[in-house]
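Below are the chains, spelled out letter by letter.
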Amino acid sequence: MSATVSFEVTSPLGPQAVTLSYARVGRGEPLLLLHGIGHHQQAWDPVVDILATEREVIAVDLPGFGASPSLPGGLPHDLPTMSAALGALCEALDLDRPHVAGNSLGGLLALEMGRAKLVRSVTALSPAGFWTQAERRYAFAVLLGMRQIAERLPLPLVERLSRSAAGRTALTSTIYARPGRRSPEAVVAETLALAGATGFTETLRAGATVRFTDDVPGVPVTIAWGARDRLLIPRQGVRAKRTIPRARLVRLPGCGHVPMNDDPALVARVLLDGSR
């Protein structure tokens, strides 16, 4: 069951109120989950029940995605502001340096939180920011194409396509290696989430110049990459390991860019191992 929390983030125009939607389940050390661009907290549903047996899991809709409104005027959707907002979220939810795991954009944000010493461990699944310019342009072109398709498809057609494995493949094969495994309801929901993401354009624009080039000292880091990631190709994981030499680099066989649904048991194990 989702809830909302509001808190203030400092800006050049003074304190700004930010509201985020989140779900909180389980018991144990806190583990904050951050989804990718255009997605929503439900991206983590395949692994939440497994994680909740050993962790208190907090899955968040990032600003301008899912049920969370965009950041208020005066706050850009850039890396420093998003990281500050997530730090303020942790304070508002009384999370004292939680573990954090993120996918894609969420993985980049998780690493930024680790660099800022806001968390006690980082697990990043195919994190953004380790691309060449050509790889970034390719990924952004694919994301824009997915967004345009999601915006243009009538809901009845999305619902009809989602009922067959072939239709789910047509809608989601860019991000899942095994799209037939995604439930029809989840495919419809995430297509609507992509189409309705008010923060998509601003977040994508802010990412055009982003490269993650700093080490993350003093924080345990796990970087995991789907072997069948078609959006951020797996060689970017090798660059991430060079940037963060003490990170543990894990290969996820048979998994795409959003691996949680492709192999929930494997991804849950990586997240639990990374947050010890």
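Anyway, here's the lowdown on the structure attached to this text. (Residues numbered from 1 in each chain as written. Predicted model: local features only at pLDDT ≥ 70, side-chain atom pairs only at ≥ 80, totals over all residues. Heavy atoms only, no water.)

Attention shifts here to the overall build of the protein. Broken down by element type, the protein carries ten helices and eight strands. In summary, the protein has a C-alpha radius of gyration of 17 Å against a globular reference of 19 Å for 276 residues, a match within 12%. Projecting the C-alpha coordinates of the protein onto the three principal axes gives extents of approximately 45 × 40 × 40 Å. Taken across its 276 residues, the protein has 57% of its residues classed as buried. Sequence-distant contacts, at least 24 apart, represent 71% of the contacts inside the protein between residues at least 6 apart. About 11,400 Å² of surface is accessible on the protein, with carbon and sulfur atoms providing 55% of the total. The positive charge centre, built from 30 side chains, and the negative charge centre, built from 24, are 8 Å apart in the protein. (Helix = DSSP H or I, 4+ residues; strand = E, 2+ residues; numbered from the N terminus. Rg over C-alpha atoms; globule rule 2.2 N^0.38 Å. Buried < 20%, exposed > 50% of the residue type's maximum accessible area, 1.4 Å probe, protein only. Contact = heavy atoms within 4.5 Å. Areas by Shrake-Rupley, 256 points an atom, 1.4 Å probe, with all protein chains shown as cover. Lys, Arg positive; Asp, Glu negative; His and termini not counted. Charge placed at Lys NZ, Arg CZ, Asp CG, Glu CD.)

Let's shift gears to helix H7 (residues 184-195). In this model H7 runs 17 Å from its N-terminal to its C-terminal C-alpha over twelve residues, within 8% of the 16 Å that 1.5 Å per residue would give. Of all the residues in H7, the buried ones are Ala186, Val187, Val188, Glu190, Thr191, Ala193 and Leu194. (Expected span 1.5 Å × (residues − 1).)

Attention now moves to unusual backbone geometry. One non-glycine residue with positive phi stands out, namely arginine 97, at about 45 degrees. Accessibility expressed as a relative area gives 36% for arginine 97, which makes it partly exposed. If you check the backbone angles, serine 126 has positive phi at about 45 degrees while not being a glycine. Tracing the chain through its elements places serine 126 in the loop between strand E6 (121-125) and helix H4 (133-152). A residue is classified by how much of its surface remains accessible, and serine 126, at 0% relative accessible area, is buried.

Remember that side chains alternate between the two faces of the sheet whenever the strand is regular. Within E6, five of the five residues are buried, leaving the element largely enclosed by the surrounding structure. Of the two faces of E6, both are covered, the one formed by Ser121, Thr123 and Leu125 as well as the one formed by Val122 and Ala124. Alignment of strand E5 (residues 99-103) against E6, held across five bridges, turns out to be parallel. Paired with valine 100 across the bridge in E6 is valine 122. (Pairing = 2+ DSSP bridges.)

The subject of this paragraph is the pairing of strand E8 (residues 248-252). Bridge count between strand E7 (residues 221-226) and E8: five bridges; the pairing is parallel. Bridge pairing in E8 places glycine 226 opposite leucine 252. Between E7 and its parallel partner E8, the chain crosses via helix H9 (residues 235-243), and the hand of that crossover is right-handed. (Right-handed = clockwise from strand over helix to strand, strands pointing away.)

The next subject is empty space enclosed by the protein. If you walk through the whole model with that rule in mind, you get one cavity of 30 Å³ or more. If you add up the space inside the largest cavity, you get close to 230 Å³. Together, 21 residues line the largest cavity, and Leu105, Leu108, Ala128, Trp131 and Gly207 are the ones closest to its centre. Among the elements of the structure, helix H2 (79-92), helix H3 (105-115), H4 and helix H8 (200-206) are those that each provide at least two residues to the lining of the largest cavity. Here the residues of the lining of the largest cavity sort into 16 nonpolar, four polar and one charged. (1 Å grid on protein atoms, 1.4 Å probe; cavity = no way out; pocket = protein on both sides within 12 Å on 5 of 7 lines; lining within 4 Å. Points joined across faces, edges and corners; volume = space filled by probe spheres on them. Nonpolar A, V, L, I, M, F, W, Y, C, P; charged D, E, K, R; others polar.)

Turning to H2, a few remarks are in order. Helical geometry: 3.6 residues make up each α-helical turn, so side chains three or four residues apart lie on a common side. Here H2 is 14 residues long and its end C-alpha atoms lie 20 Å apart, about the 20 Å a rise of 1.5 Å per residue gives. Most of H2 is tucked away: ten of the 14 residues are buried. Among the residues making up H2, those that are buried are Leu79, Thr81, Met82, Ser83, Ala85, Leu86, Gly87, Ala88, Leu89 and Cys90. Looking at the buried positions of H2, the neighbouring elements they touch are strand E1 (2-9), strand E2 (16-26), strand E3 (29-34), strand E4 (55-60) and H3.

Our next topic: the sheet that holds E7. Picture the strands of a sheet paired through backbone hydrogen bonds; they go either parallel or antiparallel. Ordered by their spatial adjacency, eight strands build an open sheet running E1-E2-E4-E3-E5-E6-E7-E8, and the pairing between neighbours is mixed. At either end of the open sheet lies a strand with only one pairing partner, and these are E1 and E8. Direction aside, the axes of adjacent strands within the sheet are offset by 25 degrees on average. Packed onto the sheet, H3 meets E3, E5, E6 and E7 and runs at close to 150 degrees relative to E5. (Axes fitted to C-alpha atoms, helices over the stretch in contact; angles between N-to-C directions.)

It is worth spelling out the packing of aromatic side chains at this point. According to the stated counting rule, one finds two aromatic pairs in the structure shown. Ring centres 5.6 Å apart and planes at 90 degrees place the aromatic pair tryptophan 131 and phenylalanine 140 in the edge-to-face group. Looking at tryptophan 131, the relative accessible area reads 5%, which means it is buried. In this structure, arginine 136 packs its charged tip against the face of phenylalanine 140, placed 4.8 Å from the ring centre. (Phe/Tyr/Trp six-rings, centres within 6.5 Å; stacked < 30°, edge-to-face > 60°. Lys NZ or Arg CZ within 6 Å of the ring centre and 35° of its normal.)

Right, let's talk about the layout of surface pockets for a bit. There is about 400 Å³ of room inside the largest pocket. Lining the largest pocket we find 25 residues, and of these Met146, Leu171, Thr172, Ile175 and Leu194 sit closest to its centre. Elements supplying a minimum of two residues to the lining of the largest pocket: H4, helix H6 (165-172) and H7. Of the residues belonging to the lining of the largest pocket, the class tally is 13 nonpolar, eleven polar and one charged.

Keep in mind that these numbers describe shape and distance, not what the molecule does.
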